[in-house]
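# Descriptive structure summary
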Amino acid sequence: MVSSTLTDAEREASHGVPSISCRSVCSGYLGSEVLKDISFEITAPSVYVVLGPNGAGKTTLFRTIAGILSPSRGTVVIGGTPGDGQTARDRMHYLSHLDGLPDGLTVREALDFYARAVQATEADIDRVLDELQIRELSLRYPGQLSAGQRKRVSIARIFLQQRDIYLLDEPTANLDPKVAKEIRSLILELSRDKIVLYSSHNLYEAREIGRHVIVIKEGRLAIFDRIENLRASRFRLGVRLLNPSDSLEGWPKEGEYFVRELGGPEEVQGVLHDLDVRGVRVREAREMDNPLEDIFA
Amino acid sequence: MAAVGALTVFTSDRTKGVLEYLMAYGVSPRRLFANFLVAALAAISIVVVIAIGVGVGAYLAVGNHVSTSLLLLLVGYAIPMSYVSGSFAITVGMYWSALSSPREGIGTTIGLAPIFGILPPVATLVLIGVFGATTGITTNGFLLVTGAALALIGLIVLYLLANLGHLLRRERLLSSS
């Protein structure tokens, strides 16, 4: 079994926060196994990004931890209690890739519907309407909302009541980059000091928000580690020049970028300094490959 | 008609992931089914009150009076059959909806729901007809056939609800989209 590595600060912060423990979990649909012998333990509050290609089993993992699916083998334990028990459920919020907004209910009524399910109050509804800046949408029906607005309302539901574990299955899927960024910030702000499992297809997003990464491949746990421990097989620096007609000798060009392979990110500053000394005017410098791409290879 | 309304909501909630969220909050599939059944029964009550109110009102308005036969038909057949056939339609419809993939047209669960609802009263009327043709219909015979039919349909509904955990896997209530 792999587990999240705790620093002293995290260990201190994790006091009283429930853990997620998957022990040899097999799970799937109608007798067919999607998850195969998944074992890991999360004990520190942090954002854990769950990555994997389509069909790898990310959604099945979330549904199994949330107690929606029962494991065919193995156990899920939440804070020492069985994952499918009410005590465990009361510690978690689950956000699926579906908005879950009932037809025929306004935004306010939909939040009221879910507030009853989690014993939240009218005051809680008012609070999340303000926090998520959706008060002006209160009287609108789901069909009258944009995709971004629907997602915002859907997310509002999980903040009706503070819980310790958030299972967020592709919360920014199918959203334009601006809305996705807004929603990402919102989630990270509101779920601070919680255990957040966040699935995504977007490697840059994963790198931006996650501190740990869980990679599922063909239903099996492939990687569970801190993101900074995942080393890229190579580090390539891309440089775009201020004057597009200039060139850099010895740097092959890829699109608008002149590219050079370095020993690691620690060499970037020195290389840029050398370019500056040579009088090369740089408009932009970026890492050409995301180290997380290697895990999909 | 009332069952179709409740079934429409059930099917929509399944597709949109509402049922999935409720299950994550700890609502069991049996409780979900029971809640939709209660909602359908409430809707049936409204339809029954309106239908009988309008029907009987019109009947009286044209100069008829309430006879024993009419009362017998209402209390012994129409009212209980409305509830029982509506319960049958919503329960079988929810099973059908959960077991089938979303599709368009008359073949959808909602398209078929009226047939589930009409089937029990039609079958009962056929039984009454057969019973009447062979033995001659009497009040007791009518009550016997309708009572047996109501009990049988009610038992089927109760069986489907009580054995939901064995007959329908939880994942059937998840959206396939």
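Cut-off values and rules
Residues numbered from 1 in each chain as written. Chains lettered and ligands numbered in written order. Predicted model: local features only at pLDDT ≥ 70, side-chain atom pairs only at ≥ 80, totals over all residues. Helix = DSSP H or I, 4+ residues; strand = E, 2+ residues; numbered from the N terminus. Buried ≥ 20, exposed ≤ 12 C-beta atoms within 10 Å, placed from the backbone. pLDDT = per-residue confidence, 0-100. Contact = placed C-beta atoms within 7 Å. Pairing = 2+ DSSP bridges. Axes fitted to C-alpha atoms, helices over the stretch in contact; angles between N-to-C directions. Nonpolar A, V, L, I, M, F, W, Y, C, P; charged D, E, K, R; others polar. Domains from an automatic or database assignment. Parallel < 35°, antiparallel > 145°, perpendicular 65-115°, else oblique. Left-handed = near helix turned anticlockwise from the far one by under 90°.

## Examining the overall build of chain A
Along its length, chain A carries 9 helices and 15 strands. Across the 297 residues in chain A, those meeting the buried criterion constitute 34%.

## Some thoughts on the environment of B:Asn64
Residues and elements named next belong to chain B. Among the secondary structure elements, Asn64 is positioned in the loop between helix H3 (29-61) and helix H4 (68-99). Since 11 C-beta atoms lie within 10 Å of it, Asn64 is described here as exposed. Taking the C-alpha atoms as reference, Asn64 lies 54 Å from Tyr21; in sequence the two are 43 residues apart.

## Some words on the confidence of the model for chain A
Residue and element names in this part refer to chain A. When pLDDT is averaged across chain A, the result is 86; 90% of the residues are at 70 or more. Mean pLDDT per element in chain A: helix H1 (residues 8-13) is the minimum at 48, and helix H2 (residues 58-65) is the maximum at 95. Low confidence marks residues 9-15, where pLDDT is under 50. Its contacts with residues over four positions away, or in another chain, come to 9 contacts.

## Quick word on the sheet that holds strand E7 (residues 92-95) of chain A
All names here are of chain A. Spatial strand order, E7-E8-E9-E4-E10-E11: 6 strands in an open sheet with mixed pairing. Each having just a single partner strand, E7 and strand E11 (220-226) make up the two edges of the open sheet. Going across the sheet, the axis of each strand differs from the next one's by a mean of 15 degrees, ignoring polarity. Taken strand by strand, H2 contacts strand E4 (46-51), E7, strand E8 (165-169), strand E9 (195-199) and strand E10 (212-217), and its axis lies near 150 degrees from that of E8.

## Here's the deal with the interface of chain A and chain B
Counting residues at the interface gives 19 residues for chain A and 16 residues for chain B. Per-class residue counts for the side of chain A that touches chain B are 11 nonpolar, 5 polar and 3 charged.

## Overview of the domain arrangement of chain A
Taken domain by domain, chain A comprises domain 1 (2-229) and domain 2 (235-296). Using only C-alpha atoms to locate each centre, domain 1 of chain A and domain 2 of chain A end up separated by 37 Å.

## A closer look at the packing of helix H4 (residues 107-117) of chain A against helix H5 (residues 122-131) of chain A
Residue and element names in this part refer to chain A. At a closest axis distance of 10 Å, the pairing of H4 and H5 adopts a crossing angle of 130 degrees. In terms of axis orientation, H4 runs oblique to H5. Judged by the twist between their axes, the crossing of H4 over H5 is right-handed. Of the residues in H5, those touching H4 at Leu111, Asp112 and Ala115 are Asp124, Ile125 and Val128. Residues belonging to the contact of H4 with H5 are distributed by class as follows: 4 nonpolar, no polar and 2 charged.

## So, unusual backbone geometry
Trans is the prevailing form of peptide bonds, just as negative phi is the prevailing case for residues other than glycine. Residue and element names in this part refer to chain A. Positive phi, close to 55 degrees, is recorded for Gln119, a residue that is not glycine. Along the chain, Gln119 falls in the loop between H4 and H5. Take Gln119: there are 11 C-beta atoms within 10 Å of it, and that puts it in the exposed class. Backbone geometry at Gln133 places phi at a positive 55 degrees, although glycine is not the residue there. Position of Gln133 among the secondary structure elements: in the loop between H5 and helix H6 (147-158).

## Section: the environment of A:Leu168
Residues and elements named next belong to chain A. Note that Leu168 resides in strand E8. Note on Leu168: 25 C-beta atoms within 10 Å, which makes it buried. The spacing of Leu168 and His93 is 75 residues in sequence and 8.2 Å in space, taken between C-alpha atoms.

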